[in-house]
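Reading the structure
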Amino acid sequence: MRFYEYESRKIVEQAGIPVTEYGFVTTAEEAKATAAEIGGPVVIKSQVLSGGRMKAGGVQFADTPEEAEAHARNILQLEIGGHMPKGVLVDPKAEVEQEYYAGVVWDGTRKQPMMLFSDMGGIDIEEVAEEHPDHVGRGHFSNLLPFSDFLAKQVIASVGVTGSALNRLTPILANLARLFSDRDMTLAEINPLAQLENGRFVALDAHMEMENEARPRQKALLDELGIPGEDLREPHEPSAFEANVKAIDSADHRGVIQGKDTGFHGDLGLVIGAGGGSLTLTDAVRSQGGKPANYAEIGGNPSVAKACGLAKEVLKKDGVEKIAVMMSIVSNTRVDIVARGVIKACLELDKDPSETIAIFRIPGAWEEEGFKILDRYGIEYCDRSVSMHEAARRAVEKVQGGPA
Amino acid sequence: MSILLTRDTTFIVQGITGREAVNLTRECLDYGSKIVGGVTPGRKGRDVHGVPVFDTVQQVIEASGAVPDGSVVTVPPAFTKDAVLEALEAGVELIVVVTERIPRRDVAQMVERAGQLDARIIGPNCLGIVVPGVAKMGGIGGPARNTEQAYQSGPVGVMSRSGGMTTEISSTLTAAGLGVSTAVSIGGDAIIGSTYAELMPLFEEDEQTEAIVIYTEPGGRMEAQLAEWVKDNDSRVPIVAFMAGRFMDEEEMKGMSFGHAGTIVEGEEDTATQKIARLEAAGIPVVERIDEIPDAVKKKLSDREAVA
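Residues numbered from 1 in each chain as written. Chains lettered and ligands numbered in written order. Predicted model: local features only at pLDDT ≥ 70, side-chain atom pairs only at ≥ 80, totals over all residues. Heavy atoms only, no water.

1. Brief notes about the interface of chain A and chain B
At the interface, 46 residues of chain A touch 57 residues of chain B. Interface area for chain A against chain B, summed over the two sides, is near 4100 Å², with a carbon-plus-sulfur share of 53%. On the chain A side of the interface with chain B, the three residues burying the most area are Lys111, Glu213 and Leu279 of chain A, jointly 16% of the side's total. Linking chain A with chain B are seven salt bridges. Note that Arg361 of chain A and Glu168 of chain B form a salt bridge whose closest N and O atoms lie 2.7 Å from each other. One can count 26 residue pairs in polar contact (both at pLDDT 80 or more) joining chain A with chain B. Of all the elements in the fold, those that place two or more residues in the side of chain A that touches chain B are α6 (163-182), α9 (275-287), β13 (295-299) and α14 (388-400) of chain A. The greatest single-element share of the side of chain A that touches chain B, amounting to eight residues, is contributed by α9 of chain A. Taken together, the residues that form the side of chain A that touches chain B break down as ten nonpolar, 23 polar and 13 charged. (Contact = heavy atoms within 4.5 Å. Buried area = accessible area lost by both parts, 1.4 Å probe. Salt bridge = Lys/Arg side-chain N within 4 Å of Asp/Glu carboxyl O. Polar contact = N/O pair within 3.5 Å; in protein donor to acceptor, adjacent residues only side chain to side chain. Helix = DSSP H or I, 4+ residues; strand = E, 2+ residues; numbered from the N terminus. Nonpolar A, V, L, I, M, F, W, Y, C, P; charged D, E, K, R; others polar.)

2. Some remarks on the side chain of Thr333 of chain A
Residues and elements named next belong to chain A. Here Thr333 shows up in the loop between β14 (322-327) and α11 (335-348). Residue Thr333 is classed as buried on the basis of its relative accessible area, which comes to 4%. Polar side-chain contacts of Thr333 include one of 2.6 Å to the backbone oxygen of Gly300. For Thr333, the contacting residues outside a window of four places in its chain are Gly300, Asn301, Pro302, Met327, Val338 and Ala365. (Buried < 20%, exposed > 50% of the residue type's maximum accessible area, 1.4 Å probe, protein only.)

3. Observations regarding the sheet that holds strand β2 (residues 34-39) of chain B
In a beta sheet, neighbouring strands are held together by backbone hydrogen bonds and run either parallel or antiparallel to one another. Residue and element names in this part refer to chain B. Read across the open sheet, the seven strands follow the order β3-β4-β2-β1-β5-β6-β7; overall the sheet is mixed. Each having just a single partner strand, β3 (47-48) and β7 (120-122) make up the two edges of the open sheet. Sheet topology note: the strand β6 (residues 94-97)/β7 ladder contains three bridges and is parallel. If you follow Ile95 over to β7, its bridge partner there is Ile121. (Pairing = 2+ DSSP bridges.)

4. Some details on helix α3 (residues 77-89) of chain B
All names here are of chain B. With 13 residues, α3 should cover 18 Å at 1.5 Å per step; its first-to-last C-alpha distance of 19 Å lies within 8% of that length. Burial in α3 covers these residues: Thr80, Ala83, Val84, Ala87 and Leu88. When α3 is viewed along its axis, its buried side chains cluster within an angular range of 135° and face the same direction. Exposed residues pointing more than 90 degrees away from the buried face of α3 are listed as Ala78, Phe79 and Asp82. Those residues of α3 hidden inside the fold are in contact with β1 (10-14), α2 (57-64), β5 (70-73), β6, α4 (104-116) and β7. One or two steps after α3, the chain reaches Gly91, where phi turns positive at roughly 100°. (Expected span 1.5 Å × (residues − 1). Arc of directions from axis to C-beta.)

Pasting the structure below:
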């Protein structure tokens, strides 16, 4: 999950990293008051989860509290990357001497966290790494040993930083590394990390992402930041389809169903599974010229009600007349139960199962029982001897052939 | 022969009294695996399909008189790291972690500790290992009867980030008359105990294995690591890859993960398109359909014979 900048700054501050005297507000009037309190020029920054806010006009400079109020009013109404801001951050305009970058990410190959540091801050680290590789220092650290500051010092020194700057920056990167581990982050980034004209080193912007799986054990921090458990910080707002499927899934503990339709605009409904099977089958439908209306995952051993619920939600989508019910070979999922569920969905929506279910391909346990039920309704099915791509082709052909 | 697992491999099941664990214990026993004990704290004295249950790994060792070769860990995510460390400290050298949704830091910690002790972790978020006709460790393939149907012994090693697709691919190889030497469900998370490249040396040494099939997905650098390994090592074993999740490269899908936690794309290198290019540059053909895998493997095998 991603944090807003004002939350990230709070997290950084708690880890002992200096920040400016910023204020987070949700109205233009409050922005004015905060700017007056700060005194002098300020920056108004949109608090939005999507990137590219500078380019979108979500960051504005103001010399007076009145100007701050006007900018805040505009920014609060400005949608960026499909997201409305949660508020604005009012930050004293910093007189910057030098900008640095400090970050920590996971290195999946080394299976350890990796520090990144650059003396060219303020721009994307990927860009610096590509164009000025000698200005990016890297260093891994152990998952088991307590973090020691020299590890951070080595990384900073490797790009040629020395003198008092090295000694001031070392505890900042070291604290960021500790925070990354202590708070179960997947990304902890300070950019820019600024040396001000008055000699102070402060985090002018921070970007933190926490692993979703770690949310239960980071509850104290999340509570402190006022983030409720249901605030999942998805990259987009869940669609009605997505919300409905989720509700059906939570209502019953047997098996798991998931559904996504953001970015899918097709006419073939997919009732598919499991993890890897769903990825493979979505590709298979597309490679056969089909247009999926959604993505889905059936996992474990769902009840009839759950399978029925998923199929119904898919069938209720605009323009969906037919569904393909397909999975890779299953070992836990009972084929007959899924068959019952999808047939029930058709009947409850007054649709003929043999017309609506373009193909049924779920090889595995209880498949014989499943075939018997499918036979009774005249639904086309196949076993493992028909490949996933061939099954997808048959389904696509039926949709494109129009109603039989 | 095989990798990781033989007829004589002994293992325990940690979390054995859980519903899924009870099933996989039955399946493994039916398939011929040697399960010497189970652990669930507080349940000492019970048995699961004839396997005695203990409170600690130490107690299993005391009762059986030997350190088991392996452990299948299927306990809730909050307790997994502790269970894995318990097995590692007791001297267990092969640990299959079935549990999903374990925070990355915990995974990284147990993997680092395993490395210090020269032990190996498979998973997490995996279904385990099967050596067709010999033994299986984990729920892979399902009940023994279903495992037999999908997995016949043969010359092809299988490694897959998806448990279900391990069986789909193996079944396809079996139906084509090729068969499988050892199939490993390596796990769907961003950090896993054993990557493709880390298992390659084992397959390389295995006389039975003449070719490898891998199932891959967007997210992570595991495929890039394999491509580098292949370039750096003059491997005798040709590899064929299948890439799922190509649709995730579409602009509208950016930032989303599908299927497994590990599919989250964090950089340009992680996309399906980039991975396919990298694998192909390393001489690993990437097929578009599962049903193309057997012919691609046969072609690799006959190309090699032609050279020899």
